[in-house]
Amino acid sequence: MYENDNFSGYGTGNENTTGTFSGADLNETRTENSYGYENHSTTQSAAGSTNGYTTYQMGGTTGSNNTEPKKTQKHGGYFRKAMVSVSLGLFFGLFAGIGFYAVQQGTGMFTTSTDTAVVDEIASEATTESTQSAQLATNVTYVESDVSNVVEKVMPAMVSIVNNFTETANVFGQQYTQEEAASGSGIIVGKTDDELLIVSNNHVVESADTLTVTFIDGSEAQAQVKGLDSDMDLAVIAVSLNDLSDDTKNAITVATLGSSDDLKLGEPVIAIGNALGYGQSVTNGIVSALNREITLENGSTGTFIQTNAAINPGNSGGALLNMNGEVIGINSNKIGGTAVEGMGYAIPITSASPIIADLMERQTRTKVAEDEVGYIGIFPQEVTSQISQMYNMPEGIYVVSVEEGSAAANAGIMKGDIITKFDGSSISSYSDLQKTLQYYAVGDSVTVTVQRPQNGEYVSIELNLTLGSRPASQK
């Protein structure tokens, strides 16, 4: 560090020096400022100064009675001094240039090295951030709000169903009948050489006089019941391919069944169905709950998928889909009802698939005339869910007695047996048995499953039953 002193009041350079001269004594005080440099304060007392400052002259003093004798000037003195000054200037300039160049080169090398390190660090950080962003993008699931592509893909497998039935009422002992219709939905799940197979809810098709199915192209056809399962509220109906035009056959498709075991809470879903009987409509939502246990009207209990996708009357039997267009559930408005909003339920497809496969293998049946319906020959009593819990008995039809010579007696049905299945369809109430018998005529042979008490527990037994005719006294 260099120090430049200017004794006229202030100093230049990296240090500030202040001088006040009022005499011969010189006192110097050094103080270090906040930047690490020294501040010099010099005080001198000098008598005879009129303005408080003393002027320095090289090699001379100030006085009123002394006069400097005049020296003889030699020729060439100024030239020699000029030459010396020029030489010194050139010499100083040369070394100053060399020093400046050296400093510049040193500084340049340092700056280049530093800049390179900084650039490398910035590039490294950018690469790291890019890698992290790519990893985050890989782990994020983006939900597409536009489901039109999925709907367009699956809509040809969706159908509307109209159940035309007869309503009977007794008013003051007088019986009245009225033709009614109820709307529902279905999903095309299979096709054979002769039939198109459609799954729906049991309550959508039960007690139907006729079933009318409407396809995506607007064409209609009559359907027949192939199999029913009241416990799971499932049904499979069939439409003859001979009743469909070539255009309709080309327009429809078979739905793809997925898996409900892989569902996650919050996963987006789509519901399609014949809401309010107006035709196919689409709603969407998420999976609100899994394995939701609910007791149905017939007393049976099952586990269902809960969703906030709107499921209204007419949606029953329709599809609950994932974003791949796979059927993951069969909607049922009957389960949720209308007590609350934003809580719809669907039968998990993983639970439904084995039952659907079994129902698809059944013989397609049509309703028979009332006087041709087959007869069993038992006196029945329902075992409700309450009775089942109280007495530890299976739910079904308890056989109070068996008529002699009846079809039941010939099949080996005994008093105390509990009928739980009729030709593979679950039977939990007397009404279930009556509705099922509407499709079986006198002389038809079926398999009946009964629970028989043996050694303090019930054992399942399958019996072959050939239906008889109703006695004349009961016609």
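Up top is the structure these notes are about.
Residues numbered from 1 in each chain as written. Predicted model: local features only at pLDDT ≥ 70, side-chain atom pairs only at ≥ 80, totals over all residues. Heavy atoms only, no water.

Undergrad: How do you make sense of the overall build of the protein chain when you look at a structure like this?
TA: Each helix and strand counted, the protein chain has nine helices and 21 strands in total. Counting the 475 residues in the protein chain, one finds 35% classified as buried. Partitioning the contacts of the protein chain with sequence separation of at least 6, the portion at a separation of at least 24 is 57%. Roughly 28700 Å² of accessible area belongs to the protein chain as shown, and the carbon and sulfur atoms make up 51% of that amount. (Helix = DSSP H or I, 4+ residues; strand = E, 2+ residues; numbered from the N terminus. Buried < 20%, exposed > 50% of the residue type's maximum accessible area, 1.4 Å probe, protein only. Contact = heavy atoms within 4.5 Å. Areas by Shrake-Rupley, 256 points an atom, 1.4 Å probe, with all protein chains shown as cover.)

Undergrad: Would you mind showing me how to read the environment of asparagine 333 here?
TA: With respect to the helices and strands, the residue asparagine 333 is situated in helix H5 (residues 333–336). Under the relative-accessibility criterion, asparagine 333 is labelled buried at 13%. For asparagine 333 and glycine 317, which are 16 residues apart along the polypeptide, the C-alpha to C-alpha distance reads 8.6 Å. In contact with asparagine 333, not counting residues within four places along its chain, are Ile311, Asn312, Pro313 and Ser316.

Undergrad: Is there a simple way to think about the nonpolar core in this case?
TA: Counting 43 residues, the largest nonpolar core has Val213, Phe215, Ile237, Val239, Ile376, Phe422 and Leu465 as the members making the most contacts within it. Among the elements that take part in this core, strand E8 (residues 220–229) stands out by supplying four residues, more than any other. Judged by nonpolar contacts, the second largest core, of 29 residues, contains Val151, Ala157, Ile270 and Ile349. (Core = buried A, V, L, I, M, F, W, Y, C linked by side-chain atoms within 4.5 Å.)

Undergrad: Honestly, the side chain of asparagine 274 in this entry has me stumped. Any pointers?
TA: As for its placement among the helices and strands, asparagine 274 is situated in the loop between strand E10 (268–273) and strand E11 (281–295). For asparagine 274, a relative accessible area of 3% gives the class buried. Here glycine 184 takes part through its backbone oxygen, which lies 3.3 Å from a polar atom of the side chain of asparagine 274. (Polar contact = N/O pair within 3.5 Å; in protein donor to acceptor, adjacent residues only side chain to side chain.)

Undergrad: Help me out: how do you make sense of the packing of aromatic side chains in this one?
TA: The relation between two aromatic rings is expressed through the spacing of the ring centres and the mutual angle of the planes. If you walk through the whole model with that rule in mind, you get one aromatic pair. Relative to tyrosine 440, the ring of phenylalanine 422 lies with its centre 5.3 Å away and its plane at 85 degrees, an arrangement referred to as edge-to-face. Pair noted here: phenylalanine 422 is in strand E18 (residues 418–422) and tyrosine 440 is in the loop between helix H9 (430–437) and strand E20 (445–454), with a separation of 18 residues, a long-range link. Accessibility classification places phenylalanine 422 together with tyrosine 440 in one group, the buried group. (Phe/Tyr/Trp six-rings, centres within 6.5 Å; stacked < 30°, edge-to-face > 60°.)

Undergrad: Looking at this structure, I do not really get helix H6 (residues 349–360). What am I missing?
TA: Because each turn of an α-helix spans 3.6 residues, side chains separated by three or four positions end up pointing in the same direction. Among all positions in H6, only Ile349, Ala352, Ile355, Ile356 and Leu359 are buried. Looking straight down H6, one finds its buried side chains confined to an arc of 125 degrees; they lie on one side. Taken together, the buried residues of H6 touch strand E5 (174–191), strand E6 (195–200), E8, strand E9 (234–240), strand E14 (327–331) and strand E15 (344–348). (Arc of directions from axis to C-beta.)

Undergrad: Help me understand the sheet that holds E11, please; the structure alone is not making it clear to me.
TA: Pairing between the strands of a sheet is mediated by backbone hydrogen bonds and can be parallel or antiparallel. Read around the closed barrel, six strands run E10-E11-E12-E15-E14-E13, paired in antiparallel fashion. Neighbour to neighbour, the strand axes of the sheet diverge by 45 degrees on average, direction disregarded. Alignment of strand E13 (residues 319–321) against E14, held across three bridges, turns out to be antiparallel. Note on E14: the bridge partner recorded for leucine 320 is glycine 329. (Pairing = 2+ DSSP bridges. Axes fitted to C-alpha atoms, helices over the stretch in contact; angles between N-to-C directions.)

Undergrad: Explanation requested: the pattern of salt bridges in the structure shown.
TA: Opposite charge on two side chains lets them pair, provided their charged atoms get close. Per the stated rule, a full pass over the model turns up six salt bridges. The partner of lysine 226 in a salt bridge is glutamate 195, with the nearest N and O atoms 3.1 Å apart. Remark: glutamate 195 occurs in strand E6 and lysine 226 occurs in strand E8; sequence separation between them is 31 residues. Judged on exposure class, the residue lysine 226 and its partner glutamate 195 are both buried. Arginine 362 serves as the salt-bridge partner of aspartate 358, at 2.9 Å between the closest nitrogen and oxygen. (Salt bridge = Lys/Arg side-chain N within 4 Å of Asp/Glu carboxyl O.)

Undergrad: I would appreciate a short explanation of the pairing of strand E17 (residues 396–402) in the present structure.
TA: Side-chain positions along a regular strand alternate between the two faces of the sheet. The sheet contact formed by strand E16 (residues 378–383) and E17 spans six bridges and is antiparallel. Paired with isoleucine 378 across the bridge in E17 is valine 402.

Undergrad: How should unusual backbone geometry be read in this particular structure?
TA: With glycine set apart, most residues show a phi of negative sign, and most peptide bonds adopt trans. Despite not being glycine, asparagine 392 shows a phi value in the positive range, around 55 degrees. In this structure, asparagine 392 sits in the loop between helix H7 (385–391) and E17. A positive phi angle, near 55 degrees, is found at aspartate 423, a position not held by glycine. Judged by relative accessible area, aspartate 423 falls into the partly exposed class, the value being 21%.

Undergrad: I would appreciate a short explanation of the side chain of serine 428 in the present structure.
TA: One can find serine 428 in the loop between strand E19 (425–426) and H9. For serine 428, a relative accessible area of 7% gives the class buried. In terms of polar contacts, serine 428 uses its side chain to reach the side chain of aspartate 432, at 2.9 Å.

Undergrad: Just to check I follow, could you spell out the environment of leucine 196 for this structure?
TA: Checked against the element boundaries, leucine 196 lands in strand E6. Linking leucine 196 and alanine 223, residues 27 residues apart in sequence, is a C-alpha distance of 9.3 Å. Setting aside anything within four residues of it in sequence, one finds leucine 196 in contact with Ile188, Gly190, Lys191, Phe215, Ile237, Ala238, Val239, Leu241, Leu244 and Ile252.

Undergrad: What is the right way to look at the environment of serine 219 in this model?
TA: Considering the arrangement of structural elements, one finds serine 219 in the loop between strand E7 (210–214) and E8. When the C-alpha positions of serine 219 and serine 245 are compared, they lie 8.7 Å apart, and in sequence the two are 26 residues distant.

Undergrad: I keep staring at H9 and nothing clicks. Help me out?
TA: Every buried residue belonging to H9 is among Asp432, Leu433, Thr436 and Leu437, and all of these are buried. The buried residues of H9 occupy an angular sector of 130 degrees when the element is viewed end-on, so they sit on one face. Residues of H9 that are buried make contact with E18 and E19.

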